[in-house]
Amino acid sequence: MSVPVSTQKIIKNTLGEYKFGFKTRNKAVFKTAQGGLTAAMVKAISNRKKEPKWMLDYRLKALEIFEKKPMPAWGGDLSGIDFKKIHYYLQPQDRPKNNWEDVPKDIKDTFEKLGIPEAERKFLAGTGAQFESEVIYHSLQKELTKKGVVFESTDIALQKYPEIFRQYFGKVIPAHDNKFAALNSAVWSGGSFIYVPKGVHIELPLQAYFRINAENMGQFERTLIIADEGSSVHYVEGCLPAGELVSNGHKFTNIEAVKTSDLIVTDDGKHHKVKALMTRPYKGTMLKIIPVSRENSFRLTTEHPVLCIQRKINWLPEVSTKKLMATKPEYIPAGKLKKGDFIVYTTPTKTEDNEIFTEDLLKILGLYLAEGSISFNKSLKLNALAFSFGKKESEKNMAEDLILTIKKLGHKASITKSKGLYYTVISYSKNLIDLCLTHCDKGAHHKKLSQTIMELPVEKQKILLKNYLKGDGSVYIRKDYPSKMIRAGTASKTLAFQLQEIIARMGIYANISLPEASQDVIGNRIITRQDQYIVEYTENKKFNEVRRKDNNYFVPIKEIKSENYNGFVFNLEVKETNSYLVKGFAVHNCTAPTYSTNSLHSAVVEIIVKKGARVQYTTIQNWSHNVYNLVTKRAFAYRDAEMFWLDCNLGSKLTMKYPAIFLMEPGARGEVQSLAFANKNQHQDAGAKIIHNAPNTTSKIVAKSISKGSGRSSYRGLLKVTKGARNIKSHVSCDALLLDGASRSDTYPTMKIEESEVAIAHEATVSKIGEEQLFYLMSRGLTEEEAASAIVNGFAKPIIKQLPMEYALELNRLLELEMTGSVG
Amino acid sequence: MQNYKLIITNKIPPKTIRVKRDQTLGYVLFLDKGWHEKQRLTFEFKEENATLHFLAIMIGKNKEKFPLETVSVHKNRNTRAYYTLKSALFDESEVDYTGNLKIEKNSHSTDCYLAHHTLMLSKNAKTNSVPCLEIETDDVKAGHAATIGNIDEELTFYLESRGLDKKSAKILLIKNFLESELKHIPDEKSQKSLIEKIEKSLKGVKIN
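### Comments concerning the overall build of chain A
- Along the backbone of chain A there are 19 helices and 40 strands.
- In chain A, buried positions account for 58% of the 824 residues.
- For chain A, the proportion of contacts with a sequence separation of at least 24, taken over those separated by at least 6, is 78%.
- Of the accessible surface of chain A, which amounts to about 34600 Å², a share of 51% is contributed by carbon and sulfur atoms.

Quick look at the structure:
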């Protein structure tokens, strides 16, 4: 399908030869992608999606345009893009399987750390729906359907609403608009399609599901939003895929639940702040590394570096400890690892004693971990702490001993014998219950130890472990050799890994396994267990495959499995050091240079805002630093309509993005607010374009950029008033903040005015952090770093405050983090 | 003023002008005749402690075109450049202006500012204004501003209430707009001659 003549005319009249709003000065440097993208490939994509013929034709035509168009010679350096190496289609996959149940607790913790009041937390839990997608999705979806709102993935919308789709698709941004719009038109996949009927207002921002629903985040997603007369909608762009557990010292967190500025443990056993959580699409081999202790296995891509000692050719199967100790572990790409190589298990080194943990308290907590439970007694309206023991005489002694201990600490407790003749110790002491909850949590699947406990001196942890094993553990003593094998079973995955860590601090590398659900006997009791994690270790082991050096254990790889993977992978960037622990094992950041290719993200977003409607589109872009982010975004606003782009760019290697608004009829209003942060090796070339095509229209652009550590940020904008567009008001302001002498800031605004009855004002300032401002804040007791951070935050505040709450928090933390260690 | 040099011209020299050490250069362009090819005027600051005050007055009539580009290249520390451009556009005249401030690495304590103000006095006038900044060091003060608009109706109304007819009121306001920066020229004779030029140029203009 060709672009209608009327649209072509609008584009031509308003932009003329300035297709991007900016002139291409030089001849093309680009060579057509013969090896990469072919018509056959485009056909295959269209075929697989079972698209109608017109869409296939549209794609093929777009491909032709793409091949003809030269690479833009202005803006950023695009020479790193190799069209041959890009995956043009990512097949939608099942939503990653996750254990989301324990995530909300983390979120609550985060809220707590951030000091948000209770009432607000509840409110946030409602809007911060991205983690509990299913529930919110359904209730929201129902609400939306009732109002007649269409909110679908773009692919599904094409199948379900072919007519309305065809009416609007490619009308705002035709394929020939620019090279990357053409590319997107040829290979687009995913994205959102939103239609809001007349007069319907959607209160909640439509963002929730896209944070985890990887299906909608392709490299070439296509979003189309139509707000019919008098309606309003706010759409937020974001993503969040799934992964492995990473250690943050006292507990293990799903990698996707890690937030920037959280503390995690790295290969030196110390805590460091997470700088960024990065995401990229990946298609290829995924390796599963299985070390001694099968449950510690983890998956990563072949190029992801892992801390390792490779087995030398002349090493015997039983490696001499001396040789092993003399070798320094190095980071080696996972693809080069072999069975028998030693990977490094690291335990956190931070130790801090806490006097409240007396031997008695640790004993109680140990038993609580194994046997305890907390429930609400309805008739008494009190929380009750219960320890369940068996019915044997020895168990009775244990129960009685426990009562004595509890009483020694000044709390009350009683012993009862329940129906099955099991001994049970019950206490209603609020103080004691709080201690158990704070330091051990509750529920068999969720029990975990607090940070305070994980950092206690080893001697104290030993007491806890000893008492824990009294309940959940069992001991086998070999007759021929004085070794002692100790096993413990727990339903809590986190606890299992925490116990492994404690045992490692004691000097032994424990094994974690997960037998099938079965009946088993532990401590003379028959237990039906479901997903019991077995932590197992041997004292005085005769032969040991695992060697220890300080807080590191060299653990041989038992097996490496490879599987095909097609979806998103992600990666943490950690401050100061570039590693983190996955299931206790040190892996390196998958930093940009180790990637074999750069990724390309080239989306197209088209928005139509009809009479009296309002659309807000918010983006928080935090792609990894190897992504070329070349996005075309444009909105048409009709009579009395309002379009608002809110655009925040922190990630990517190069961003070239200029959200545009065409004000097509009188009374329309357009606003673009943007924030860009360019750090080392980043170029943020962002801006805005506003075309006044009708009289009595107004617009506003606020652009703020921060450059740091040799980063470069540019504002590139266009403000155009066409002939006949009388009575125009427009205000553009660009502020740039340079944080050091190596960074760069540019401003390239263009104003093309063809009418006299206008009031146009543009202003731009570039500044550094003022000595006086710093001095003032430091005189008030802030350190230089805090002061600088406060100034940057104040600078960005006008933009940040427009964001939905949880995104504002995220962005604040990101900025704060970028600022740490930046002064001096 | 020490080491002050003033240049007033109505021709754009096709060369790079170097502002020298400890020099203060006043450069005034009076332009009421257009041209076709884009003219570029470059000021280079290779030596430290140099200052430039640049003023351009553009009066566009009939189908006159003013395709102009100024570039300020700061290569040394402690340099200052202040650009002010005022254009009044009548009839079908057109201004196409690009003003670039380039501050290269290690040019510390640079202070520069560029302002381009345009009065659109006819529906058929056109303006294209691109004030750019390229900054590669942090110890700077740099900014630019651009305004494009028409004569304030309230001011005209005020003058009319004082007995001026509409046209005289507007001409008075345009004159004031164009002359407001002249007071910074530290030479009364030059000021006077520029005012005369402006008055002469504004004679017989059409305002709608």
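### Points about the environment of A:Gly75
- Looking at the secondary structure, you find A:Gly75 in the loop between α3 (53-68) and α4 (103-114).
- The spacing of A:Gly75 and A:Asp685 is 610 residues in sequence and 6.6 Å in space, taken between C-alpha atoms.

### Examining the pairing of strand β10 (residues 126-135) of chain B
- With nine of ten residues buried, β10(B) is to be regarded as a mostly interior element.
- Bridge count for strand β39 (residues 744-753) of chain A against β10(B) is six bridges, and the pairing is antiparallel. Directly across from A:Asp746, in β10(B), lies its bridge partner B:Glu134.
- Pairing of strand β8 (residues 94-103) of chain B with β10(B), which is carried by ten bridges, proceeds in the parallel orientation. Of the residues in β10(B), the one forming a bridge with B:Val95 is B:Thr127.

### Notes on the nonpolar core
- The biggest cluster of nonpolar side chains holds 82 residues, and the ones touching the most others in it are A:Ile607, A:Met643, B:Phe43, B:Leu52 and B:Phe54.
- If you tally residues by element for this core, the top one is strand β38 (residues 728-738) of chain A, at five residues.
- Excluding anything up to four places from it in sequence, A:Ile607 contacts A:Val172, A:Ile225, A:Val615, A:Tyr617, A:Arg634, A:Ala635, A:Phe636, A:Met643 and A:Trp645.
- In terms of nonpolar packing, the next biggest core, distinct from the first, is built from 50 residues, A:Ile65, A:Ile173, A:Trp188 and A:Val604 among them.

### Thoughts on helix α15 (residues 458-472) of chain A
- In this model α15(A) runs 20 Å from its N-terminal to its C-terminal C-alpha over 15 residues, within 8% of the 21 Å that 1.5 Å per residue would give.
- Within α15(A), burial applies to A:Lys460, A:Gln461, A:Leu464, A:Leu465, A:Asn467, A:Tyr468, A:Leu469, A:Gly471 and A:Asp472.

### Some details on the interface of chain A and chain B
- Counting from both sides, the interface comprises 32 residues of chain A and, opposite them, 31 residues of chain B.
- When chain A packs against chain B, the two sides together hide about 2500 Å² of surface, and 50% of this comes from carbon and sulfur.
- Per-residue buried area on chain A facing chain B is highest for A:Met751, A:Ser756 and A:Val766; these three make up 21% of the total on that side.
- On inspection of chain A and its partner chain B, the count reaches three salt bridges.

Basis of the calculations
- Residues numbered from 1 in each chain as written.
- Chains lettered and ligands numbered in written order.
- Predicted model: local features only at pLDDT ≥ 70, side-chain atom pairs only at ≥ 80, totals over all residues.
- Heavy atoms only, no water.
- Helix = DSSP H or I, 4+ residues; strand = E, 2+ residues; numbered from the N terminus.
- Buried < 20%, exposed > 50% of the residue type's maximum accessible area, 1.4 Å probe, protein only.
- Contact = heavy atoms within 4.5 Å.
- Areas by Shrake-Rupley, 256 points an atom, 1.4 Å probe, with all protein chains shown as cover.
- Pairing = 2+ DSSP bridges.
- Core = buried A, V, L, I, M, F, W, Y, C linked by side-chain atoms within 4.5 Å.
- Expected span 1.5 Å × (residues − 1).
- Buried area = accessible area lost by both parts, 1.4 Å probe.
- Salt bridge = Lys/Arg side-chain N within 4 Å of Asp/Glu carboxyl O.

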